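Here is how the chains run, residue by residue.
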Amino acid sequence: MVWSCMSTQGVNVVVFVDNIMDKKVYLEILKDNSKKSAKNTGIPDDFKFYQDKDHKHIAYNVQLWLMYNCRKVGNPPPQSPDLTPIENLWD
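Since the structure is predicted, the reported quantities are computational estimates derived from the model, not experimental observations.

Draft legend 1. Main features of the pairing of strand 1 (residues 2–7). As defined by bridge partners, strand 1 adjoins strand 2 (residues 10–16) across 5 bridges and the pair is classed as antiparallel. From the neighbouring strand, S4 faces strand 2, where its bridge partner is V14. Counting the residues between successive antiparallel strands, the hairpin from strand 1 to strand 2 contains 2 residues.

And the structure:
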């Protein structure tokens, strides 16, 4: 499993997860990397954070943390092609 911050400015931190990523692991990754990655990539403080509706993404503790730490959270529709930019990165 891989977590990364991507923007039009490029890719920053890439986190490799050896075990199953659950809501606790996901939340720790967000706490440790999301703001640092945005800052290092030059993304302004008012960035919009996108994620899909995976169970760990919509967990209460994750949503609570996002409410207080990310001003804007995008809620794209299911099966949105906008959520698969990683496919272009691998090319």
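Draft legend 2. Up close: the pattern of salt bridges. Enumeration over the complete set of coordinates arrives at 2 salt bridges. A salt bridge links E28 to K31; the nearest nitrogen and oxygen atoms lie 3.8 Å apart. Taken together, the residues E28 and K31, both in helix 1 (residues 23–41) and 3 residues apart, mark about one turn of the helix. Taking relative accessible area as the criterion, E28 reaches 40% and is therefore assigned partly exposed. Two residues, D54 and K56, come together in a salt bridge whose shortest N-O distance is 2.9 Å.

Draft legend 3. Structural context of helix 1. Given a rise of 1.5 Å per residue, 19 residues ought to cover 27 Å, and the 25 Å separating the end C-alpha atoms of helix 1 matches this to within 8%. Of all the bends in helix 1, the largest measures some 35° and sits at N33. All buried positions along helix 1 are accounted for by Y26, L27, I29, L30, N33, S34, S37, A38 and T41. Taken together, the buried residues of helix 1 touch strand 1, strand 2, strand 3 (48–50) and helix 2 (60–69). N-capping of helix 1 is provided by D22, with a side-chain oxygen placed 3.2 Å from the backbone N of K24. Directly beyond the C-terminal end of helix 1, a positive phi value near 85° is found at G42.

Draft legend 4. Broad picture of the side chain of S34. If you trace the backbone, S34 turns up in helix 1. Separated by 2.7 Å, the side chain of S34 and the backbone oxygen of L30 make a polar contact. Aside from chain neighbours lying at most four places away, what touches S34 is W3, I29 and W65.

Draft legend 5. The environment of Q63, seen in detail. Topologically, Q63 is positioned in helix 2. A relative accessible area of 32% places Q63 in the partly exposed class. Taking the C-alpha atoms as reference points, Q63 and L27, separated by 36 residues in sequence, lie 9.4 Å from one another. Residue contacts for Q63: discarding those within four places in its chain leaves Q51, H57 and I58. Among the polar contacts listed, one links the side chain of Q63 to the backbone oxygen of H57, at a separation of 2.6 Å.

How each quantity is defined
- Residues numbered from 1 in each chain as written.
- Predicted model: local features only at pLDDT ≥ 70, side-chain atom pairs only at ≥ 80, totals over all residues.
- Heavy atoms only, no water.
- Pairing = 2+ DSSP bridges.
- Helix = DSSP H or I, 4+ residues; strand = E, 2+ residues; numbered from the N terminus.
- Salt bridge = Lys/Arg side-chain N within 4 Å of Asp/Glu carboxyl O.
- Buried < 20%, exposed > 50% of the residue type's maximum accessible area, 1.4 Å probe, protein only.
- Expected span 1.5 Å × (residues − 1).
- Bend = angle between axes of the 7 residues up to and from the residue.
- Contact = heavy atoms within 4.5 Å.
- Polar contact = N/O pair within 3.5 Å; in protein donor to acceptor, adjacent residues only side chain to side chain.

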